[in-house]
Structure formats: structure tokens, C-alpha cells
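# Structural overview for review
The chain contents come next:
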Amino acid sequence: MRGPVGSIHRTRVDHAAVAKEARERPGAWVRAAVYASRASAYSAAHRVPLAERMPSYEPAAAFEAYAISTVDGPVLWVRSTDGGPYAPLPARMVVRIPAAIGPEREETGVLTVSVLPYCPACGGPRGWDRIRPVELRLREETVSVDRWDNPCGHGDVYADVLVEARCTPPVVDPAAARGRGHHSADPARAGEFQAAVELVVHAADHSRGMRARQAAALLRHHGHQEAAALVELKAHEGGHLSAKQAAHFLTVEGAARRSASSTTQETHA
């Protein structure tokens, strides 16, 4: 779908056909198109509900839309609000998966993880409202985990869900994270990284099995770019690093920087 280097590519979408299909299936999400750029897809998702320069979706508020990146590129999804309101997509989908598929094994044999509510293959809504518990035999014990069916027909594999969860930042309120501490990661000692450490510790306390790479994604999402880069580098060097270990690393790094700064000031006093 991309044109030659240097050319301007415009994604052509038959919005009239998309709107017609969505009207015929009110409340159901319809895949509109794969866009050439993330910016174009997200711009379209913003304009569809407003019917802004998109007469096929008039009147305003007659449709909802979202854009999401997939393996094929940025995808726009649309649904008609006729007959609604319909349940909004959740910010995250929380499921229980077997821990035995990961490098570490929890005592209960189960990990509770958080992923985006969109299918990684096509971007369609996942079966967040179709989650059901099932019994699974793992080695010498039986555990209760979750299974779900995605409306798009694409299936999720536990191993892939675990990898995705470790790269998906959990939903965290930075205000609620202030003042959170841990015996091995005291934010008060972290100096310039105090806010970053508080954020990671708070998220790790509420997201069992959270890893360092997931912590880095969370930090970037909330604007802590330098802290995120340090954690990513440490995770690359240290392999399977946990989020709380990453918080401890940032605490030590921040304390060392504060100590070096104090020494420099005393030398020049």
C-alpha cells in the first residue's frame, strides 16, 4: 500500500460502504481500512464521530471509531451507535494465564496479566466480555485460568499473551502512586527518579508478574524517558528482570547521581 520513496501516499477508503455496513450491524465494530501511516489512521478515528469532512458518517455522534497498530499496519475500526448506548471497550483486558509457560513458575501456577483489548492480528475487539474460567492440568496440579473467544475469529495463545503483557504498560494513576515505597526501592532515596520509582512500585504492587520491559513501557507512557531508557538497557543486560528490580536499580542510580551532585557542590563551595 506504500508508494515509492519520496511520494505522497493517500489511503483510499470507501467510507460510504463502511458506514453502510456499520449501519446494517449497529453496535458491531467494522474494520474500515489499513492506513499508510499511524497519524492518518488516528486522525480518521478522531473525525469519524464528529463527521468532520466525512459526510458518510453524518450526523455527528452517529458513529464511534478507534485506530490501532497491527502487524499489517494502522487499522481504523468503526461502529454505528444506532440503538445504543453500547458497552465501551475497556482500557485493558485482565486475564489469568498459566505461569508454567514463562521462565519463572509462581507457586499458584497462575499469572494475572493485563493486555490491550484489541486483537494483535487485525486490531478488532478482543473477547473481553467472553472470558470464562477453565480448569487446566499443569504438571502435577490443576489450576483455574481464563479462556476467551475473539469476535474476529483470531485466537490468542497463552505464550503470546504473556509476551504482550510484559510489553503493555498497566493503567496507573500517577497521583495515586505518589508516596509508594518498597523495602528495596525507597523512592525518597531515588533523587531525580523518585516519581519514576513510585510509578513502577505502585504498578508492580497491582500487577503480579510485571517485568522490567513492561515497567519501561509504563515510564515512557508517562513521560519518564530517561528512566525508561535506563531500565530498557538494564533489562537487556540482565535478562529476566522484574519491575521491582528495575525500581531498585533506578533508586540506586538516582541516589548515586544525587551523591555525586552533592560532592561536586561541596568541592566548589
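We now turn to the structure provided with this report. (Residues numbered from 1 in each chain as written. Predicted model: local features only at pLDDT ≥ 70, side-chain atom pairs only at ≥ 80, totals over all residues. Heavy atoms only, no water.)

### Here's the deal with the packing of aromatic side chains
Here the structure, examined in full by the defined rule, presents three aromatic pairs. Between Tyr57 and Phe63, the aromatic rings sit 5.1 Å apart at their centres with planes inclined by 80°, giving edge-to-face as the arrangement. Pair check on accessibility: Tyr57 and Phe63 agree, each one buried. Ring geometry for Tyr66 versus Tyr118: centroids 4.7 Å apart, planes at 35°, classification tilted. (Phe/Tyr/Trp six-rings, centres within 6.5 Å; stacked < 30°, edge-to-face > 60°. Buried < 20%, exposed > 50% of the residue type's maximum accessible area, 1.4 Å probe, protein only.)

### Here's the deal with the packing of helix H5 (residues 194-206) against helix H6 (residues 212-221)
Two elements in contact, H5 and H6, have axes whose closest approach is 10 Å; the angle formed by their N-to-C orientations is 125°. Relative to H6, the element H5 is oriented oblique. As H5 packs across H6, the resulting crossing turns out to be right-handed. For the pair formed by H5 and H6, the contact residues are Ala196, Leu199, Val200 and Ala203 on the first element and Ala215, Leu218 and Leu219 on the second. When the residues that make up the contact of H5 with H6 are grouped by side-chain class, the tally is seven nonpolar, no polar and no charged. (Axes fitted to C-alpha atoms, helices over the stretch in contact; angles between N-to-C directions. Helix = DSSP H or I, 4+ residues; strand = E, 2+ residues; numbered from the N terminus. Parallel < 35°, antiparallel > 145°, perpendicular 65-115°, else oblique. Left-handed = near helix turned anticlockwise from the far one by under 90°. Contact = heavy atoms within 4.5 Å. Nonpolar A, V, L, I, M, F, W, Y, C, P; charged D, E, K, R; others polar.)

### Focus: the sheet that holds strand E2 (residues 63-70)
With antiparallel pairing, three strands are arranged side by side in an open sheet as E1-E3-E2. Edge positions in the sheet fall to strand E1 (30-34) and E2, since each of these pairs with one other strand and no more. Across this sheet, the average inter-strand angle for adjacent strands is 25°, counted without regard to direction. Sheet topology places E1 next to strand E3 (residues 73-80); four bridges connect them, and they run antiparallel. Considered in E3, the bridge of Val34 is made with Val75. Its contacts with the sheet place helix H2 (residues 38-47) against E2 and E3, and it is angled at close to 165° to E2. (Pairing = 2+ DSSP bridges.)

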